[in-house]
Amino acid sequence: MWNSIANIILRNRLLILSILLSLTLVLGYFGTKVTLQYEFGKLLPSNDETFLAYEDFKQNFGSDGMVVVIAVNDKDFYNHKKFNAWRHLGDSLSSLKISYPQDGEIIKKNIVDSIFSEAHLYNISKDRINKKFVLEEVVHSFPIDSATVDSVHKVILSLPFYRDIVYKESTDLHLMMLFINKEVFNSKNRGTLIDDIHDIALSYENQFSSFHFSGLPFIRSVTMNKVKAELRLFVLLALFVTSILLFLFFRSLKVVLISVIVVVIGVVWSFGIIGMFNYEITILMGLIPPLIIVIGIPNCVYLINKYQQEYRSHGNKAKSLTRVIKKVGNATFLTNVTTAMGFGTFIFTHSDLMKEFGVVASVNIICVFFLSILLVPIMYSYLPAPKTKHTKHLDRNWLYKAVDLLVYFATEKRRQVYLITAIGLIIGFYGMSRMHTTGNIVDDLPDGDQVVLDLKFFEKELNGVMPFEIVLSSNDTIYKSFSNISKIQKLQQALKQEKYLSPSLSIVDAMKFISQAYANGKESKFNLDFSKEKDRNHFSRVIGSKYFKNTFLNNESDGDNGFVGSFIDSTHHRTRITLQIADIGTAAMDSLILRLDSTISQILNPLSIKYERIIKGEGDSIHTKLFELYNNSSTLKYRVQSKLMTESNQDEFILFPEDSNQIYDSYGIENFESAIEENISNQNISTIVTGTGVVYTKGTTYLVKNLFISLIIAICVIAVLMSFLFKSWRMVLVSLLPNLVPLIFTSALMGYFGIPIKPSTILVFSIAFGISIDDTIHFLAKYRQELQSNGSNIRKAVVNSIKETGTSMIYTSIILFFGFSIFIASNFGGTQALGTLVSLTLFVAMLANLVLLPALLLSLEKALTTKQFKDSEAFFEDDQDIDWKEL
């Protein structure tokens, strides 16, 4: 087959070049359409409970993560000049718009939907004419003088609803929250909106000492701008580093130019394929173009090295090019397939982020193979034959000495090799036990980055800014059930004990604000305790008033202000407690959610907990305890009685029996206890903990778990492929060992140096395995050929295989080592770790394939070198029937 492929390539050079040029132009066009992804990647599958809960939350309450927070610490904030500057800053930001053409018209949209700050607050007051509550701006006009600022300050201090939400008196903290238009932020026409917000705010630095910025849109925008900058940097670095290495190895600018042409076209294709699939550039997708360079260059090295070896041996250029395509083409194709499989297994993660990365990476790796196998022979066919100076690199003494050293260890020092391997595995397994997982949103940014420093500032001041939501659902109308309102208030008090959570807001705070407005601004009427009858009676008068009914009950919503509507859904049976959380990572988040689940159950559903404890008991005591539970809860007692009397069609004036035996006689013990169970279930408040922070950490945990599964799948698939190639399961199992050793080595490094497992670092294993198995295939292919040509002399076959493949493996390993090392220049910790770990892993993989694998072949020669292996279809075919002059 490869005979025919070689003939087709060399006889149709112009046609192939024309087709490649056309494809490059088309893909280049699609590449210009590629944009950055500013939304957090979807890590969880669409049927995951956490994902579905979050989508349901957004459906009912809107997006939770579109707030940019600006903060200053200033004790003179209420100086009228500074306060006016704060107001002016907010107005400037709220007037920001983007413009873009659509259907022949210029569309303008606001970037900021609304602003929440001390200069933009609202108070609730009574409209005595229309008998309804209305929202009024605290700052009526602008600019304002010193006396008015003092008056505004007093009003704000009298509104506890805003305390520790937009300001913090104890530290002179003042916040401005910008609610960003989600459609604008995620659109291709977003422009530089976050940079504009940042620059406008900094233009007021002469008024305020220092600004701090945070919030998911801000963090995401800054992160993606870094990705964009690094994408260019890595492509240029990859080209520079690999070009220098190629020149040092081959001492030929032609070699460098040919290889660079191949990988540059590969980079263009990679962007084009991203555009064709309508994908966006993510932090992972940004790694693909430089990866294509790093992976594509070794293809060129194998082809060029073999071409020069062949030409030096017989001096026939056409014969050399044909043999390159045949001998290296098949093996290189298989090695690229295995590398693509390493990336392709990410498709099995059920995560859109990883699926997209896996699809694009695997497709591009196959594409760069075809570019290499087509362009390298064709370009060399137009160039003059290599001169003696071009093949001098094949005679480098240092390279021969290095290969001879590898031969010596593989053949003469096998016991030492096995001992070192065993010790390394023991140390490696211990290091693996020290590995840990993390999933912080800013985990990849360096500690000294301003985004991280500002996030730490907000965590110190407010415990965090990442969205965190608790959704409560009840069968009762939320604000009409004082039992539920009291429980929510008690839960909010308990949440204050959690050090990672900010002060919370809920329907309770909204009701207390309305209560204060009903009492004409009297602050004491905000501080209600709904567990006390006096305060419940006061609020009963509030919700029974015309003001409340005309504002919140006579319309489908609460008017234009959306005040209560932001806390309850349209059915009034579901509400939210909204908080912010620190960027605490997966382990701390899991621990927090477990604690909250327990706290929420104890506070919101105490009867349910007691009921479950009772029914887990045994004997007659269950009936006694259930009756006590019924008798001690007035609400449960009333509802059970109503249900039983309704079902038996009894007059409501008939007295319900008090004694348990009388109840059992009148209604039956099963009906009585069934009514208790049903009513306890109906009184339960179901809860869901959600929010962007929760979804991200859950997604990270899910992703890490599935990436390990994908690695196992990759190992199994590649093992099956190799079994078809070499017709020997024994050979496959033994050859996998040298490729697992580097992975264990990498795991140990991560454990000993505290490098956490996260989406960016877990890629190391699949990438390294997919690439390192290439060396194994090259070595075994050559080993099999040597067996066939040397009369099954295993020792000679092993030695010749090391010498033949060692040169190219050392070249490619050095290129891969330094190629992946470019990622150390990244600003992202995960990308830095990826570069370091993959480089070291591939270096260890080279040693394992050139020392450990040959040693195993010699030690287990009789068991491994079976007749099926020797007789399996060879990569290299006889080429004596070709008319070289005609070609």
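Structure's up top.
If you're wondering where the values come from, they're calculated on a predicted model, not measured in any experiment. (Residues numbered from 1 in each chain as written. Predicted model: local features only at pLDDT ≥ 70, side-chain atom pairs only at ≥ 80, totals over all residues. Heavy atoms only, no water.)

For the protein chain, the helix and strand inventory stands at 32 helices and 12 strands. Referenced to the eigenvectors of the C-alpha coordinate spread, the extents of the protein chain come out at roughly 110 × 75 × 50 Å. Across the 887 residues in the protein chain, those meeting the buried criterion constitute 57%. Long-range pairs, those at least 24 residues apart, make up 79% of the contacts in the protein chain with a sequence separation of at least 6. (Helix = DSSP H or I, 4+ residues; strand = E, 2+ residues; numbered from the N terminus. Buried < 20%, exposed > 50% of the residue type's maximum accessible area, 1.4 Å probe, protein only. Contact = heavy atoms within 4.5 Å.)

Take unusual backbone geometry next. Cis geometry is adopted by the peptide bond preceding P143, which originates at F142 and carries an omega value of -5 degrees. Mapping P143 onto the fold places it in the loop between β6 (132–137) and α5 (146–157). Within the chain, R251 stands out as a residue other than glycine whose phi angle is a positive 55 degrees. Residue placement: R251 occurs in the loop between α8 (216–250) and α9 (253–276). Judged by its relative accessible area of 52%, R251 is exposed. A positive phi angle, near 60 degrees, is found at N278, a position not held by glycine. Note that N278 resides in the loop between α9 and α10 (288–314).

Okay, the packing of α10 against helix α29 (residues 794–821) next. Two numbers describe how α10 lies on α29: the axes approach to 10 Å, and their chain directions differ by 155 degrees. The angle between α10 and α29 falls in the class roughly antiparallel. You can see that α10 and α29 cross each other, and the crossing is right-handed. Here L291, V294, I297, P298, V301, Y302, N305, K306 and Q309 of α10 come into contact with α29, specifically with E804, T807, S808, M809, Y811, T812, I815, L816, G819 and F820. The residue inventory of the contact of α10 with α29, partitioned by class, reads 11 nonpolar, six polar and two charged. (Axes fitted to C-alpha atoms, helices over the stretch in contact; angles between N-to-C directions. Parallel < 35°, antiparallel > 145°, perpendicular 65-115°, else oblique. Left-handed = near helix turned anticlockwise from the far one by under 90°. Nonpolar A, V, L, I, M, F, W, Y, C, P; charged D, E, K, R; others polar.)

Its 12 residues place the ends of helix α17 (residues 507–518) 16 Å apart at the C-alpha level, agreeing with the 16 Å of an ideal helix rising 1.5 Å per residue. Counting buried residues in α17 gives 11 out of 12 residues, a clear majority hidden from the surface. The opening residue of α17 is S506, an N-cap whose side-chain oxygen sits 3.1 Å from the backbone nitrogen of V508. (Expected span 1.5 Å × (residues − 1). Polar contact = N/O pair within 3.5 Å; in protein donor to acceptor, adjacent residues only side chain to side chain.)

Our next topic: the pairing of strand β2 (residues 97–102). Pairing between β2 and strand β3 (residues 105–110): six bridges, direction antiparallel. Bridging from a neighbouring strand, I98 pairs with K109 of β3. Between the antiparallel neighbours β2 and β3 lie two residues, among them D103 with a positive phi of about 55 degrees. (Pairing = 2+ DSSP bridges.)

Direction vectors running N to C along helix α27 (residues 729–752) and helix α30 (residues 829–859) enclose 145 degrees, while the axes themselves pass 9 Å from each other. By crossing handedness, the relation of α27 to α30 is classed as right-handed.

Okay, helix α2 (residues 13–31) next. Between its terminal C-alpha atoms α2 stretches 26 Å, which fits the 27 Å expected from 19 residues at 1.5 Å a residue. I16, L20, T24, L27 and G31 are the residues of α2 that are buried. Seen along its axis, α2 keeps its buried residues to an arc of 75 degrees; they face one direction. Residues of α2 that are exposed and point more than 90 degrees away from the buried face comprise L14, L15, L21 and L25. (Arc of directions from axis to C-beta.)

A surface patch of negative charge is lined by D76, D164, E169 and D172. Inspection of the secondary structure assignment puts D172 in the loop between β7 (167–168) and β8 (173–180). (Patch = residues over 30% accessible without salt bridge, like charges linked within 9 Å, V, L, I, M, F, W, Y side chains within 5 Å. Areas by Shrake-Rupley, 256 points an atom, 1.4 Å probe, with all protein chains shown as cover. Salt bridge = Lys/Arg side-chain N within 4 Å of Asp/Glu carboxyl O. Lys, Arg positive; Asp, Glu negative; His and termini not counted. Charge placed at Lys NZ, Arg CZ, Asp CG, Glu CD.)

The next point concerns the packing of aromatic side chains. A full pass over the atoms with the stated rule returns 37 aromatic pairs. Taking the centre distance of 6.3 Å and the plane angle of 35 degrees together, the rings of F77 and F208 count as tilted. A residue pair is termed long-range when its members are at least 10 positions apart, and F77 in the loop between β1 (67–73) and α4 (80–94) and F208 in the loop between α7 (193–202) and β9 (212–214) qualify at 131 residues. Comparing F77 with F208, the two get one shared label, buried. Centre to centre, the rings of F627 and F672 are 6.2 Å apart; their planes meet at 40 degrees, and the pair counts as tilted. With a gap of 45 residues between them, F627 in helix α22 (residues 621–631) and F672 in helix α25 (residues 669–683) connect regions that are remote in the sequence. Using a relative accessible area of 14% as the deciding quantity, one classes F627 as buried. Each member of the aromatic cluster is reached from another via a ring pair, and the members are F77, Y78, F83, W86, F208, F211, F213 and F218. The ring of Y518 has K126 sitting right over it, with the charged end atom 4.6 Å from the ring centre. (Phe/Tyr/Trp six-rings, centres within 6.5 Å; stacked < 30°, edge-to-face > 60°. Lys NZ or Arg CZ within 6 Å of the ring centre and 35° of its normal.)

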